[in-house]
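Structure at a glance
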Amino acid sequence: MEHAYVDELPSDEESCYYAEHIVFHPDPTRPSLLPTLTTTSRKSSLTARASRPQNAPGLTYLDISGCTEVTGLGLHAIATHSTSLTSLYIGRIPGVTDPTVAALVRGLPHLEVLEMDNLPLITAVAVRDVWTFARGLKHWTLSGCMHITDGGFPWVPGLQANQERRRTWMESLPPLVLPGTHQLDKLRVLDLSHCLRLTDAAVLGIVAHAPRIHNLNLAGCIELTDRALEAVCALGRHLRIVDVGGLERVTDRGVFALASACTHLQSVDVSFITRLTDLVVLELASLPRLQTLGVAGLPRLTDHAMFFAAEHAFELEELHLSYCIGLTLDGVRAVLRRLAKLEHISLSGVPAMKRRGVRRFSDGCPEGYDERKQGIWRVFRAQNIRALGGFLEKEQWRRREAERANVLFDPRGDDSRELY
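Parameters and conventions
- Residues numbered from 1 in each chain as written.
- Predicted model: local features only at pLDDT ≥ 70, side-chain atom pairs only at ≥ 80, totals over all residues.
- Heavy atoms only, no water.
- Helix = DSSP H or I, 4+ residues; strand = E, 2+ residues; numbered from the N terminus.
- Buried < 20%, exposed > 50% of the residue type's maximum accessible area, 1.4 Å probe, protein only.
- Contact = heavy atoms within 4.5 Å.
- pLDDT = per-residue confidence, 0-100.
- Phe/Tyr/Trp six-rings, centres within 6.5 Å; stacked < 30°, edge-to-face > 60°.
- Lys NZ or Arg CZ within 6 Å of the ring centre and 35° of its normal.
- Axes fitted to C-alpha atoms, helices over the stretch in contact; angles between N-to-C directions.
- Parallel < 35°, antiparallel > 145°, perpendicular 65-115°, else oblique.
- Left-handed = near helix turned anticlockwise from the far one by under 90°.
- Nonpolar A, V, L, I, M, F, W, Y, C, P; charged D, E, K, R; others polar.
- Salt bridge = Lys/Arg side-chain N within 4 Å of Asp/Glu carboxyl O.
- Patch = residues over 30% accessible without salt bridge, like charges linked within 9 Å, V, L, I, M, F, W, Y side chains within 5 Å.
- Areas by Shrake-Rupley, 256 points an atom, 1.4 Å probe, with all protein chains shown as cover.
- Core = buried A, V, L, I, M, F, W, Y, C linked by side-chain atoms within 4.5 Å.

From N to C terminus, the protein includes 13 helices and 14 strands. Counting all 420 residues of the protein, 51% fall into the buried class. Sequence-distant contacts, at least 24 apart, represent 74% of the contacts inside the protein between residues at least 6 apart.

See the structure below:
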């Protein structure tokens, strides 16, 4: 991009005027460039003048996520002067507050991408402003905003919040009642992962006023139940990617409803929902366009689910099975034999994968991973998947030959086909 700057500022006033794309990557080993965004003094240096938002009216992309020295003063200046912004990334900035977000969404009428992950001071008040004023949003992330409640999302009749739980002032906000014509109909990506206070009522309001979401992430929203997944069904064929991992209250019923209504799903993650059984995989594996399936951490999952997936999920490219302790080598071998498009399979923490000779096909452990505490690391990619499948088939052939010869089967860790 001709007028893009990464970890630097324009060198002169003319360059600043034409700047369109600025990205800062926080680096603790060097002084931060970002304090210049908050300066109000009249410095004479070109860098100081270039860093002021009023000198960059054509700026359309700004990524300052993780730059902890940015304050509300600089962001208010952006809202006032950089009104051409379409993409704004302000995640992991602890000083961002509700009034700051309100100023941004009111002052940036062309905003299409807004990432505001892990903002500890953001509440439902800021979320309400986004729903009210940023109707052109296409991409919106709120991951890890711990204090967001249902009050930040549109209210629809039919489901009341749980009144037995003690309410805080943030949950005492009046309902956000929007007319039916007030929709974020351009919104395609919404990430609400690990917003722990959200309930089913918030999901009902979301799908009613953002009916064309393609990518929805609700992972870690532990208050959600099957009712939330049934509400998501209203997205129908628009929904392509959904992550509901870690929703402990969800059961097979909710996932059945989701898979039946959203038949264009390409990626589904239902990992670490301990109530789920093999029946969920049977339903999801029947989706004709499914390319990525995450079912890690399901203790009730057995080889029967793998046998079904091997015969139906022929488009599958990624399969996550880590910590599914009920799987055996028979189920793994069936998947590797039949799913020719598979490019990634994770089997970490599966006891059967301690088998001699398997580890050599796996990727190495990431830095800081302790197998003694976190279980074995088994992640296979590309050609190693084919090599692992060939090894397991060879060992199965050796077992049959040993049975035919009526001799004791001795597992090998190499590629030899010898019985002894």
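Resuming the write-up.
Structurally, arginine 398 is set in helix H13 (residues 382-404). Using a relative accessible area of 1% as the deciding quantity, one classes arginine 398 as buried. When sequence neighbours within four positions are dropped, the list of residues in contact with arginine 398 reads Phe409, Asp410, Pro411, Arg412, Ser416, Arg417, Glu418 and Leu419.

Turning our attention to helix H5 (residues 124-133). Every α-helix winds through 3.6 residues per turn, so residues three or four apart in the chain are directed the same way. Within H5, 7 of the 10 residues are buried, which leaves it mostly tucked inside the rest of the structure. Regarding H5, the residues found buried are Ala124, Ala126, Val127, Arg128, Asp129, Val130 and Trp131. In this fold, the buried residues of H5 make contact with helix H4 (98-107), strand E5 (113-115), strand E6 (139-141) and helix H6 (200-209).

A word on unusual backbone geometry. If a residue is not glycine, its phi is most likely negative; likewise, a peptide bond is most likely trans. With phi around 60 degrees, arginine 92 is a residue other than glycine that occupies positive phi space. Under the relative-accessibility criterion, arginine 92 is labelled partly exposed at 45%. Its identity is not glycine, yet asparagine 406 carries a phi of approximately 60 degrees, on the positive side. Relative accessible area serves as the criterion here: at 71%, asparagine 406 is assigned to the exposed category.

Turning our eyes to something else, we now look at the confidence of the model for the protein. Parts of the model with low pLDDT should not have their predicted coordinates read in detail. Residues with a pLDDT of 70 or more make up 84% of the protein, whose mean pLDDT is 88. Below pLDDT 50 for its whole length, residues 28-51 participates in 40 contacts with residues either more than four positions away or in separate chains.

By the secondary structure assignment, arginine 333 is in helix H11 (residues 329-338). Taking the relative accessible area as the measure of exposure, arginine 333 reaches 8% and is therefore buried. Every residue in contact with arginine 333, bar those within four places of it in the chain, is listed here: Leu392, Glu393 and Gln396.

Moving on to the packing of aromatic side chains. For the structure on display, the rule yields 6 aromatic pairs. Judged by centre distance (5.0 Å) and plane angle (65 degrees), the ring pair of tyrosine 369 and tryptophan 377 falls under edge-to-face. Among the residues examined, tyrosine 369 registers a relative accessible area of 16% and is labelled buried. Cluster of aromatic residues (ring-pair linked, three or more members): Trp131, Trp140 and Phe153. In this structure, arginine 360 packs its charged tip against the face of phenylalanine 391, placed 5.1 Å from the ring centre.

Before going further, it helps to spend a moment on the packing of H11 against H13. Close contact between H11 and H13 brings their axes to 9 Å; oriented N to C, the two are set at 125 degrees. Judged by the angle between their axes, H11 and H13 are oblique. Where H11 crosses over H13, the handedness of that crossing is left-handed. Packed against H11, whose contacting residues are Leu329, Val332, Arg333, Leu336 and Arg337, the element H13 presents Ile385, Leu388, Gly389, Leu392, Glu393 and Gln396 at the interface. Residues of the contact of H11 with H13, tallied by class, amount to 6 nonpolar, 2 polar and 3 charged.

Time to look at the pattern of salt bridges. Summed over all chains, the structure comprises 20 salt bridges. Of the charged contacts in the structure, one is a salt bridge between arginine 378 and glutamate 371, with a shortest N-O distance of 3.9 Å. For arginine 404, the salt bridge identified is with glutamate 401, shortest N-O distance 2.3 Å. Within this pair, arginine 404 and its partner glutamate 401 are both found in helix H13, separated by 3 residues, close to a single helical turn. Relative accessible area serves as the criterion here: at 22%, glutamate 401 is assigned to the partly exposed category. A network of salt bridges, in which partner residues are shared, links Arg355, Lys394, Glu395 and Arg398.

Counting buried residues along H6, 9 of its 10 residues qualify, which places the element largely inside the surrounding structure. Those residues of H6 that fall on the buried side of the exposure criterion are Asp200, Ala201, Ala202, Val203, Leu204, Gly205, Ile206, Val207 and His209.

This part is about a nonpolar patch on the surface. Taken together, the side chains of Met146, Leu196 and Ile222 present a nonpolar region at the surface, about 220 Å² in accessible area. Within the fold, isoleucine 222 resides in the loop between strand E8 (215-217) and helix H7 (226-232). Judged by relative accessible area, isoleucine 222 falls into the partly exposed class, the value being 36%.

The biggest cluster of nonpolar side chains holds 110 residues, and the ones touching the most others in it are Ile90, Leu114, Trp140, Val270, Ile345 and Met353. Here this core gets 5 residues from one element, more than from any other, and that element is H6. Those residues in contact with tryptophan 140 that lie beyond four places of it in its chain are Leu114, Met116, Val127, Val130, Trp131, Leu187, Val189, Leu190 and Asp191.

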